[in-house]
Amino acid sequence: MKHITYPRSSLDSEPYWDGCRRGELRYQHCGACGEVVFHPRALCPYCLADALAWRLSTGRARIYSFSIQYLPLRPDDGDAAPRGLGIAEVDEGFHMFAEFLTDDLDSLAIDDRLEVVFEQIDEQLVLPKFKVLPR
Ligand SMILES: [Zn+2]
């Protein structure tokens, strides 16, 4: 087992993680003010209404920002680097931190188009990552 701290599910985020296990990228939408909400929470951060509903993203996004991690977090985690990490701007209007998967890290660029993929980490955890699409 690698020494990486993975996110934990909570009452508010369980529908999100359940979506990942089903190959769905989910986000919340506020029925009171219409804002898109991500990451998962109980109340709308814009109007404090208890009116958040889950929606299904297309999983399409663009690179909003990125960095290339050249060194592994720990010496025994060498196969995890180099890798592209950054902020994906998802088409439905929210941003999320994720890993960008490509065979050519040196060609990563802002605005590159992305498509979500899901990686099974263990029995319960499936992480969303983004595949870089050809230009
Ligand atoms: Zn709201």
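Just so it is clear, the structure is predicted and the values come from calculations on it, not from any experiment.

## Description of the domain arrangement of the chain
The domain architecture assigned to the chain consists of domain 1 (11-56) and domain 2 (58-135). Measuring from the centre of the C-alpha atoms in domain 1 to the corresponding centre in domain 2 gives 22 Å. The interface of domain 1 with domain 2 comprises seven residues on the first partner and 10 residues on the second. Considering only residue class, the side of domain 1 that touches domain 2 consists of five nonpolar, one polar and one charged.

## Let's talk about the nonpolar core
Ranked by size, the top nonpolar core spans 11 residues in total: Leu25, Ala61, Ile63, Ala88, Val90, Ala98, Phe100, Leu114, Val116, Phe130 and Val132. Contributing elements (two or more residues each) for this core: β4 (60-69), β5 (83-90), β6 (94-101), β7 (113-120) and β8 (126-132).

## Focus on the pairing of β7
The side chains of a regular strand alternate between both faces of the sheet. Note: β4 against β7, three bridges, orientation antiparallel. Pairing of Arg60 across the sheet is with Glu115, part of β7. Pairing geometry for β7 and β8, over seven bridges, is antiparallel. Following the sheet pairing, Glu115 is matched in β8 by Lys131.

## Things to note about unusual backbone geometry
The phi angle of most residues is negative, glycine excepted, and most peptide bonds adopt the trans form. Cis geometry is found at the peptide bond from Phe38 to His39, where omega equals 15 degrees. Within the secondary structure, His39 is located in the loop between β2 (36-37) and β3 (52-56). Notably, Leu48 is not glycine yet its phi reads approximately 65 degrees, a positive angle. The topology assignment puts Leu48 in the loop between β2 and β3. Looking at Leu48, the number of C-beta atoms within 10 Å reads 11, which means it is exposed.

## Some thoughts on the sheet that holds β5
Pairing in this closed barrel of five strands is mixed, and the strands run β4-β5-β6-β8-β7 around the ring. For this sheet, the mean angle separating the axes of adjacent strands, direction not counted, is 50 degrees. Here β4 runs beside β5; their pairing, made up of eight bridges, is antiparallel. Of the residues in β5, the one forming a bridge with Gln69 is Arg83.

Procedures and definitions
Residues numbered from 1 in each chain as written. Predicted model: local features only at pLDDT ≥ 70, side-chain atom pairs only at ≥ 80, totals over all residues. Domains from an automatic or database assignment. Contact = placed C-beta atoms within 7 Å. Nonpolar A, V, L, I, M, F, W, Y, C, P; charged D, E, K, R; others polar. Core = buried A, V, L, I, M, F, W, Y, C linked by C-beta atoms within 7 Å. Buried ≥ 20, exposed ≤ 12 C-beta atoms within 10 Å, placed from the backbone. Helix = DSSP H or I, 4+ residues; strand = E, 2+ residues; numbered from the N terminus. Pairing = 2+ DSSP bridges. Axes fitted to C-alpha atoms, helices over the stretch in contact; angles between N-to-C directions.

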